[in-house]
Amino acid sequence: MTTRQEVVAALFIDCGEGREIKHGARAGQIRWTQMPSARFECLLCQTAETPIVRPGEPIPAAVTRFIAHIRTTHQAVCTAAWSSQGAAA
């Protein structure tokens, strides 16, 4: 007998596209042609969230912080009841 599971949330992560600068004053930095991004959607409470970037914060750091925030806090504050039957995609 198989157990039925439903998708209750989805976290979309785009790692972006960039190249490391090899020479000059900016050597070692990344020149982004497409910035990293993330989006979280909860299908239970209809919440859709994207990272909030702090002034001066690099976008990759904002995405990393956002993912950690979603993993640790959304389930606790979700207005809908999460159950152990749901599966996050």
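Given the structure is predicted, the values throughout are model-derived calculations rather than measurements.

### With respect to the overall build of the protein chain
Then, number 1: Helices and strands together make up the secondary structure of the protein chain, namely one helix and six strands.
Then, number 2: Going residue by residue from the N terminus, the α and β elements of the protein chain occur as β-β-β-β-β-α-β.
Then, number 3: Looking at the protein chain residue by residue over its 89 residues, the buried ones come to 19%.
Then, number 4: Here the protein chain has roughly 6700 Å² of accessible surface; of this, 54% comes from carbon and sulfur atoms.

### Things to note about the nonpolar core
In summary, soluble globular proteins display a tendency toward joint burial of nonpolar side chains.
Then, number 1: In terms of nonpolar packing, the biggest core is built from eleven residues, these being Val8, Ala9, Ala38, Phe40, Cys42, Cys45, Val63, Phe66, Ile67, Ile70 and Cys78.
Then, number 2: Broken down by secondary-structure element, the contributors of at least two residues to this core are strand 1 (6-14), strand 4 (37-42) and helix 1 (59-77).

### Quick look at the pattern of salt bridges
Then, number 1: Scanning the model with the defined rule gives three salt bridges in all.
Then, number 2: The residue glutamate 6 makes a salt bridge to arginine 4 at a minimum N-O spacing of 3.4 Å.
Then, number 3: Since its relative accessible area comes to 44%, glutamate 6 is described here as partly exposed.
Then, number 4: For arginine 4, a relative accessible area of 65% puts it in the exposed group.
Then, number 5: One salt bridge in this structure joins glutamate 20 and lysine 22, with 3.9 Å as the shortest N-O distance.

### Quick word on the packing of aromatic side chains
Then, number 1: In this structure the tally under the stated criterion is zero aromatic pairs.
Then, number 2: The ring of phenylalanine 12 carries the charged tip of arginine 39 above its face, separated from the ring centre by 4.2 Å.

### Section: the environment of threonine 47
Then, number 1: Following the sequence through the fold, threonine 47 ends up in strand 5 (residues 47-49).
Then, number 2: In this structure threonine 47 comes out as partly exposed when scored by relative accessible area, which is 22%.
Then, number 3: The sequence separation of threonine 47 and histidine 74 amounts to 27 residues, and the corresponding C-alpha distance is 9.5 Å.
Then, number 4: Once residues lying within four places of it in the same chain are set aside, the contact partners of threonine 47 are Phe40, Glu41, Cys42 and His74.

### Things to note about helix 1
Then, number 1: The terminal C-alpha atoms of helix 1, which comprises 19 residues, lie 25 Å apart, in line with the 27 Å expected from a rise of 1.5 Å per residue.
Then, number 2: Isoleucine 70 marks the point of greatest bend in helix 1, at about 40 degrees.
Then, number 3: When we look at burial in helix 1, the residues that qualify are Ala62, Val63, Phe66, Ile67, Ile70 and His74.
Then, number 4: Looking at the buried residues of helix 1, the elements they touch are strand 1, strand 4 and strand 5.

About the criteria used
Residues numbered from 1 in each chain as written. Predicted model: local features only at pLDDT ≥ 70, side-chain atom pairs only at ≥ 80, totals over all residues. Heavy atoms only, no water. Helix = DSSP H or I, 4+ residues; strand = E, 2+ residues; numbered from the N terminus. Buried < 20%, exposed > 50% of the residue type's maximum accessible area, 1.4 Å probe, protein only. Areas by Shrake-Rupley, 256 points an atom, 1.4 Å probe, with all protein chains shown as cover. Core = buried A, V, L, I, M, F, W, Y, C linked by side-chain atoms within 4.5 Å. Salt bridge = Lys/Arg side-chain N within 4 Å of Asp/Glu carboxyl O. Phe/Tyr/Trp six-rings, centres within 6.5 Å; stacked < 30°, edge-to-face > 60°. Lys NZ or Arg CZ within 6 Å of the ring centre and 35° of its normal. Contact = heavy atoms within 4.5 Å. Expected span 1.5 Å × (residues − 1). Bend = angle between axes of the 7 residues up to and from the residue.

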